[in-house]
Each structure stands twice: as structure tokens, then as C-alpha cells.
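Reading the structure
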Amino acid sequence: MNISLFTVPDIPLIHEGDDIAAIVCERFDLQDRDIVIIVSTIVAKAEGRIIELSDVTPSDRALAIAEQNDRDPRIVQMVLDESKEIILKFPFLLVETQNGNVCVNAGIDGSNIDGDRVVLLPEDSDRSAKEIREEIFALTARKVSVIVTDTNGRAFRDGQTGVAIGVSGITPTRDWRGQCDLFGKVLEVANEAVVDEIAGAANLLFGEGCDGTPVVVVRGLDFYAEHEGLRPIHFPRSEDVIRDAIAHASTQETG
Ligand code: GDP
Ligand code: MN
Ligand code: MN
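Since the structure is predicted, the reported quantities are computational estimates derived from the model, not experimental observations.

**Observations regarding the coordination of the manganese ion (ligand 3)**
At the metal site, the manganese ion (ligand 3) is ligated by Thr151 (OG1) and Glu208 (OE), and these contacts range over 2.1 to 2.2 Å. A gap of 5.0 Å separates the manganese ion (ligand 3) and the manganese ion (ligand 2). Of this pair, Thr151 sits in strand S8 (residues 145–153) while Glu208 sits in the loop between helix H6 (194–206) and strand S12 (215–219), and the two are 57 residues apart along the sequence. Residue classification places Thr151 among the partly exposed positions, given a relative accessible area of 25%.

**Considering the sheet that holds S8**
Spatial ordering of the open sheet is given by S1-S12-S2-S8-S9-S13, a layout of 6 strands whose pairing is mixed. The open sheet is flanked by strand S1 (4–7) and strand S13 (224–228), the only strands paired with a single partner. Looking at each pair of strands side by side, their axes are set apart by 40 degrees on average, direction ignored. Looking at chain direction, strand S2 (residues 35–39) and S8 are connected through 5 bridges and run parallel. Within S8, the position partnered with Ile38 by the bridge is Val148. Against the sheet, helix H5 (residues 125–140) makes contact with S2, S8, strand S9 (160–170) and S13, and its axis sits at roughly 55 degrees relative to S9, the strand it touches most.

**Description of a nonpolar patch on the surface**
The grouping of Ile3, Leu5, Leu204 and Leu205 at the surface amounts to a nonpolar patch, some 350 Å² of accessible area in total. Tracing the sequence through the fold places Ile3 in the segment before S1.

**Observations concerning the domain arrangement of the chain**
Considered domain by domain, the chain is made up of domain 1 (4–48 + 123–254) and domain 2 (50–121). Here the C-alpha centre of domain 2 lies 22 Å away from the C-alpha centre of domain 1. Contacts between the two partners involve 19 residues from domain 1 and, on the opposite side, 17 residues from domain 2. Interface of domain 1 and domain 2: buried area, both sides summed, is about 1500 Å²; carbon and sulfur atoms make up 46% of it. Looking at the side of domain 1 facing domain 2, the largest losses of area belong to Lys45, Arg243 and Ile246, adding up to 31% of the total buried there. The interface formed by domain 1 and domain 2 includes 3 salt bridges.

**Comments concerning the coordination of the manganese ion (ligand 2)**
Donor atoms from the polypeptide that bind the manganese ion (ligand 2) are Asp109 (OD) and Asp150 (OD), placed at 2.2 to 2.6 Å. Overall, Asp109 belongs to the partly exposed group, its relative accessible area being 23%. Classification of Asp150 by relative accessible area gives buried; the value is 9%.

**Re unusual backbone geometry**
Cis geometry marks the peptide bond from Phe90 to Pro91, where omega comes out at 5 degrees. Its place among the elements puts Pro91 in the loop between strand S4 (83–88) and strand S5 (94–97). The backbone of Asp70 shows a phi angle near 55 degrees, a positive value even though the residue is not glycine. Turning to its location among the elements, Asp70 is positioned in the loop between helix H3 (60–69) and helix H4 (73–82).

**Some remarks on the site of ligand 1**
Not every one of the 23 residues close to ligand 1 is listed here, only the nearest: Ile11, Thr41, Asn112, Phe206 and Gly209. One of the backbone N or O atoms of Ile11 is found 2.8 Å from a nitrogen atom in ligand 1. A distance of 3.1 Å separates an oxygen atom of ligand 1 from a polar atom in the side chain of Ser40. In isolation ligand 1 has 580 Å² of accessible area, and contact with the protein removes 97% of it. Secondary structure elements with two or more residues in the shell around ligand 1: helix H2 (40–46) and S8. Of the residues forming the shell around ligand 1, the biggest block, 4 residues, is contributed by H2.

Rules of the game
- Residues numbered from 1 in each chain as written.
- Chains lettered and ligands numbered in written order.
- Predicted model: local features only at pLDDT ≥ 70, side-chain atom pairs only at ≥ 80, totals over all residues.
- Heavy atoms only, no water.
- Donors = N, O, S within 2.8 Å, 3.2 Å for Na, K, Ca; no water.
- Helix = DSSP H or I, 4+ residues; strand = E, 2+ residues; numbered from the N terminus.
- Buried < 20%, exposed > 50% of the residue type's maximum accessible area, 1.4 Å probe, protein only.
- Pairing = 2+ DSSP bridges.
- Axes fitted to C-alpha atoms, helices over the stretch in contact; angles between N-to-C directions.
- Contact = heavy atoms within 4.5 Å.
- Patch = residues over 30% accessible without salt bridge, like charges linked within 9 Å, V, L, I, M, F, W, Y side chains within 5 Å.
- Areas by Shrake-Rupley, 256 points an atom, 1.4 Å probe, with all protein chains shown as cover.
- Salt bridge = Lys/Arg side-chain N within 4 Å of Asp/Glu carboxyl O.
- Domains from an automatic or database assignment.
- Buried area = accessible area lost by both parts, 1.4 Å probe.
- Near = heavy atom within 4 Å.
- Polar contact = N/O pair within 3.5 Å; in protein donor to acceptor, adjacent residues only side chain to side chain.

Here's what the structure looks like:
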């Protein structure tokens, strides 16, 4: 077995309105079943999801949280605006975004953007992945998968990795349940989050800094599927025991 990862070369600085599918197709000869992995930062830039900090007026609530967490109240205000649920308020904001992804600060990022500006996550990364995939097909007639990623921290472990926050043309997990192990025992829980594994591998080539390499192609994996969205990877609320435990602990703290 053998897979290849390629950096798509010479991607320019991305601005609102740029056509990411076309930019990729002009620079890389895609084949059927390639997986195109794109950092959310450039998807968001192309979608104009950039906020000028001086345009944000923090509410009293944002001011209070910012003071407790020693953060910029304008960033806190944006995090509140982008979030459906606050899971942890202190010592940092862990939230569920409107889109259903759980991450710190709603993924709002001040890196790789100039001036006093920050980049939000794409409004709906699944939709972005779908649109880019459809446009790649329109331009090249290639059937590819698309994964939009962000770099996230993890619970329990230091260090960040790439994770998938929007997908199209790929099933998010590889389900091993019902298959046998080496000794014939039936696997009962193994459901491998392949889109996160691919995002992590691509992140090795993206880097986090000034490399300017926001698009990677993975070739040699056979995961293409006519499937839209990340949804099966998010726990249904009723099975999300860690979220319940955090909520329980916070209630006890505050009485
Ligand atoms: P995130 O993981 O989505 O938050 O994105 P990062 O800010 O970590 O950036 C990942 C990679 O994309 C790095 O190599 C950055 O230099 C690169 N990058 C970010 N924005 C741009 C851009 O507008 N153009 C290019 N060419 N690269 C970018
Ligand atoms: Mn980010
Ligand atoms: Mn990153």
C-alpha cells in the first residue's frame, strides 16, 4: 500500500471573491478519486469572512468574559456571535459553532491575515466543500473528494492537529464494526474518522506559518463516495457524555 501527498504550488494570497476551485485546477492536474484538502483560512477569505476588529463593539457580556479570560473583548464578541452553544466559558471559550463544530474561540484566527483583522470560519464548511467539489467537476470532469480543515487543539493532549470541518464526496468514517480482528473476534466499536486522519496528514504539508501552502492533494486512498457533509461524525447530543460532564462540572462550580 502506498499513498502520495502533493502540495499545490504557487497559490496566491486569497481575497474575497477568489475562485478557489479554479485556482487549484490551474495549478494541479487532478485525477479521479483524488482528495483535495483545503485550509479553512483561504476558504473563509474567499467567502469574505474577514472582520476588521475596529468594527466590533463588545456587549457587556463579552466585556465580562473577556476580563475573566484576559482576552480582547472584540474577539469574545465575535466568538459569541458565531456560536450556537458555549460549552466552556473559562479559562477559554470552547463553543459549538452555528455549523456544529466544537472548537476554541469558534475558530476565529488572527494569523495569516494582514492588519488588525481576523478570519472567521467559513459560514458552512460542508457547503463550501460541496461548492468547490462541484466547480472542480465543472472545470475538469474529475470526481474528487474535498475536505476543508482547521487546526484544532484536543482535549487531554497538548499540541494541535488538522481536523476536517467540512467535507464533500467522501464518507467521514470508515466503519469496521461487524468485521473481524486477526483472531476472528467481531469488532464492535471501531469506526475510524478517516477525514480527520487525512486532514492531519495534509496539515503536515500546510504548516501553520508563512509557507503559503493551503492546498494539498492526497492520491491513492479509495474513499470517494457520493456523500455530503460531516454530520455523522458529530455525536448526537444524547451520546455526548463529555459535553454533559463539562456542563455538570460548570453548574457545580457556580452553585
Ligand atoms: P488554518 O489551519 O485554516 O487556520 O490555516 P493556517 O492559518 O494555519 O494556514 C495554513 C497554511 O495556509 C499555511 O501554510 C499558511 O501560510 C497558508 N495560507 C493562509 N492563508 C493563505 C493565503 O491567502 N494564500 C496562501 N498561498 N497561503 C495561505
Ligand atoms: Mn484556523
Ligand atoms: Mn493551521
